[in-house]
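Next come the chains, spelled out residue by residue.
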Amino acid sequence: MIDFDLLRHEPERLQAELKKRFITDIDLAELTRLDEERRSSIAKLEAQQAEHKKQSESIAVQRGLKRAGSIKKAKKLAIEIKDLERAAQDATQAFIKIAALLPNLSHESVPAGKTSVDNRVEAVHGEQPHFDFPVKPHWQLAEQLGGLDSKRGARLAGSRFHYIQGDLVYLQFALLRFAMDELTQHGFVPMLTPVMVKEEALYGAGTFPIDTSEVYKLESDPLYLTGTSEIALLNYHAHETIEVEESPQRFMGYSTNFRREAGAYGKDIKGLIRQHQFDKLELFIFVSQEQSWDFFEKELLTICEGLMLKLGLHFRRVTLSSGDLPRKFQKTYDLETWLPSEQRYLETHSISHAGDFQARRLGIKYKTATGQRRYVHTLNATGFAFSRMPVVILENFQQADGRVKIPEVLQPYLHNRALLGQK
RNA sequence: GGAGAGGUGGGUGAGCGGUUGAAACCGCAGCUCUCGAAAAGCUGUAUGCCCUUUACGGGCAUCGUGGGUUCGAAUCCCACCCUCUCCGCCA
């Protein structure tokens, strides 16, 4: 949710934002009209309520005829108020229905552009690996290691479901432990979060009402399966005034995530890149408005990239263009890691700044030194997604014999082995 | 899933149809006292929204949530949610 004062005082800024993001499903003039309608209906209602309140209070101290007269008047007012209440409610609903589609204000550093083609490459890290043998795709390596059984996964639950076993499982938990040990040093508190949540939680995060088709809904209870623990981590502080002045609150949430991948028919069908279910370590930060951009651009980036550098992977960082940027965010960096089998970079991380957009919806505030109440800023970032990390590790560290070198920093978490596939 | 108890402001906790947004105590903040502190005293201390170019201003709403009864509800009725106790089930 954005600050509605913008709509009243700087509609041109909103108009520019819609244009920058190539959003065409919002009519600002109509929205402004609905806002005025809503506010005037509230004014009418409240004036009547004030009158009614005065009448009721006088009844308490009146006797006899005077009292009877007042009751009659108050009765009439009460009936009118019922109608006015309904009108105000309807007007507010009509307004919110459209207003909830409004995007966040993108940061000025976000490049204008319609699609991912316009994403801006900010940095390239590490060396592109060279192979003197034909490289194999990750799913082939994984099958060879006995770590991936997609056939049985599909038989059980359909396409994009897999059994993951043996060394691939050990690899996931090695990555997890490595990341947690590193992140603990940066003040992140580990969390295991619910993966089923109420509708309000998804609305608060900004997933709803925009991206409803990505989310699994339970049939027998009014609950949804989350596609990221960002939802649960953000909602941890819903409707609270919290302490962030000293330093940002940092959480790392580990959860299984569920995604319908409704718009991805036929895309990345083979292997682990795009699954309906995968585990992820997600970072979430509540931070003051004063500190948020510094923390985002300096600390958070360094932390996320640091993990990848220690693994020795070749990756680059891009800024999502305005058209590619999710509506709820002000800025998003993706880390894209080299995928040798396809000779391209694969998105493995997403690091986003939501400004106060989510905090507004969920009423998450902090008090400044002067006692002022302000909305917090929220940041989220991928720690490791265990769908895509095994993919890039298998491919980048593969050997001619199909075995896979284990990055040195992970070896302590794998009984000091040097190779996956080693007996 | 069954039976019972309960959900009031930062906390404890009163109120159970009428000037109650809500006693009291604690906590917190400011002031007085003090060289400072403690103690004591005084003052203040919820949130959201609407209006007026905005003032230490006015109004409305909020006592788990949503409805209902009533001129009037924290107080009565209904539904739901949550917490606790007991039973059942289960990791």
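Everything here concerns the structure above.
First things first, this report covers the structure right here in the doc. Please read these numbers as outputs of a predicted model, since none were measured by experiment. (Residues numbered from 1 in each chain as written. Chains lettered and ligands numbered in written order. Predicted model: local features only at pLDDT ≥ 70, side-chain atom pairs only at ≥ 80, totals over all residues. Heavy atoms only, no water.)

## Some thoughts on the pattern of salt bridges
Pairing is possible between side chains that carry opposite charge, provided their charged atoms lie close to one another.
So, point 1. Summed over the entire model, instances satisfying the criterion amount to 30 salt bridges.
So, point 2. The partner of aspartate 35 in a salt bridge is arginine 8, and the shortest N-O contact between them spans 3.0 Å. One end of the pair, aspartate 35, is in helix H3 (residues 28-61); the other, arginine 8, is in helix H1 (residues 5-9), and 27 residues separate them in sequence.
So, point 3. Across the pair arginine 21 and glutamate 17 runs a salt bridge whose closest N-O atoms are separated by 2.8 Å. Summarising the burial analysis for this pair, arginine 21 and glutamate 17 share the class buried.
So, point 4. Linked through salt bridges whose partners overlap, the residues forming this network are Asp5, Arg8, Asp35, Arg38 and Arg39. (Salt bridge = Lys/Arg side-chain N within 4 Å of Asp/Glu carboxyl O. Helix = DSSP H or I, 4+ residues; strand = E, 2+ residues; numbered from the N terminus. Buried < 20%, exposed > 50% of the residue type's maximum accessible area, 1.4 Å probe, protein only.)

## Re the protein's contact with RNA strand B
So, point 1. Near RNA strand B there are 21 residues, and of these Arg39, Gln49, Lys75, Lys365 and Arg373 occur at the shortest range.
So, point 2. Among the atoms of RNA strand B lying within 4 Å of the protein, the sugar-phosphate backbone contributes 71%.
So, point 3. In the environment of RNA strand B, a phosphate oxygen lies 2.8 Å from a nitrogen or oxygen atom belonging to the side chain of arginine 39.
So, point 4. Residue arginine 373 places a side-chain N or O atom 2.4 Å away from a phosphate oxygen belonging to RNA strand B. (Near = heavy atom within 4 Å. Polar contact = N/O pair within 3.5 Å; in protein donor to acceptor, adjacent residues only side chain to side chain.)

## Details of the sheet that holds strand S6 (residues 216-217)
So, point 1. Reading across the sheet, the three strands line up as S5-S7-S6 and stay open at both edges, with antiparallel pairing between neighbours. The two strands at the open ends of the sheet, each matched to only one other strand, are strand S5 (196-197) and S6.
So, point 2. Here S5 runs beside strand S7 (residues 224-225); their pairing, made up of two bridges, is antiparallel. If you follow valine 197 over to S7, its bridge partner there is tyrosine 224. (Pairing = 2+ DSSP bridges.)

## Some details on the side chain of serine 321
So, point 1. Within the secondary structure layout, serine 321 lies in the loop between strand S11 (315-319) and strand S12 (331-339).
So, point 2. In this structure serine 321 comes out as buried when scored by relative accessible area, which is 0%.
So, point 3. Within the structure, the side chain of serine 321 is placed 2.9 Å from the backbone oxygen of threonine 115, a separation counted as a polar contact.
So, point 4. When sequence neighbours within four positions are dropped, the list of residues in contact with serine 321 reads Val110, Pro111, Gly113, Lys114, Thr115, Asp118 and Asn119. (Contact = heavy atoms within 4.5 Å.)

## Comments concerning the nonpolar core
So, point 1. Grouped together as the largest cluster of nonpolar side chains are 52 residues, with contacts concentrated most on Leu300 and Phe384.
So, point 2. The greatest single-element share of this core, amounting to nine residues, is contributed by helix H10 (residues 292-311).
So, point 3. Residues within four places of phenylalanine 384 in sequence aside, it is in contact with Leu175, Phe178, Ala179, Lys280, Leu281, Leu307, Met308, Leu311, His349 and Met389.
So, point 4. Of all hydrophobic cores here, the second largest spans 22 residues; its members include Val197, Ala205, Leu234 and Ile364. (Core = buried A, V, L, I, M, F, W, Y, C linked by side-chain atoms within 4.5 Å.)

## A closer look at the side chain of histidine 377
So, point 1. Looking at where histidine 377 falls in the secondary structure, it is placed in strand S16 (residues 377-385).
So, point 2. Of the residues examined, histidine 377 reaches a relative accessible area of 9% and is grouped as buried.
So, point 3. Polar side-chain contacts of histidine 377 include one of 2.7 Å to the side chain of serine 292.
So, point 4. The residues contacting histidine 377, other than those within four sequence positions of it, are Ile285, Phe286, Val287, Gln289, Ser292, His353, Gly355 and Asp356.

## Details of the environment of threonine 302
So, point 1. Mapped onto the secondary structure, threonine 302 falls in helix H10.
So, point 2. On the accessibility criterion, threonine 302 (54% relative accessible area) is exposed.
So, point 3. For the pair threonine 302 and asparagine 104, spaced 198 residues apart in sequence, the C-alpha separation works out to 25 Å.

## Examining the packing of aromatic side chains
So, point 1. Using the criterion set out here, one finds twelve aromatic pairs in the structure.
So, point 2. Seen from their ring centres, phenylalanine 178 and phenylalanine 384 are 6.4 Å apart, and the 25° between their planes marks the pair as stacked. Of this pair, phenylalanine 178 sits in helix H7 (residues 167-185) while phenylalanine 384 sits in strand S16, and the two are 206 residues apart along the sequence. Judged on exposure class, the residue phenylalanine 178 and its partner phenylalanine 384 are both buried.
So, point 3. Seen from their ring centres, tyrosine 254 and phenylalanine 386 are 6.0 Å apart, and the 70° between their planes marks the pair as edge-to-face. Highlighted residues: tyrosine 254 in strand S9 (residues 249-258) and phenylalanine 386 in the loop between S16 and helix H12 (389-396), separated in sequence by 132 residues.
So, point 4. Look at tyrosine 254 and you get buried, because its relative accessible area is 16%.
So, point 5. Among the residues examined, phenylalanine 386 registers a relative accessible area of 3% and is labelled buried.
So, point 6. Taken together, the ring pairs connect Phe178, Tyr254, Phe384 and Phe386 into an aromatic cluster.
So, point 7. The ring centre of tyrosine 203 lies 4.3 Å from the NZ or CZ of arginine 361, which sits over that ring. (Phe/Tyr/Trp six-rings, centres within 6.5 Å; stacked < 30°, edge-to-face > 60°. Lys NZ or Arg CZ within 6 Å of the ring centre and 35° of its normal.)

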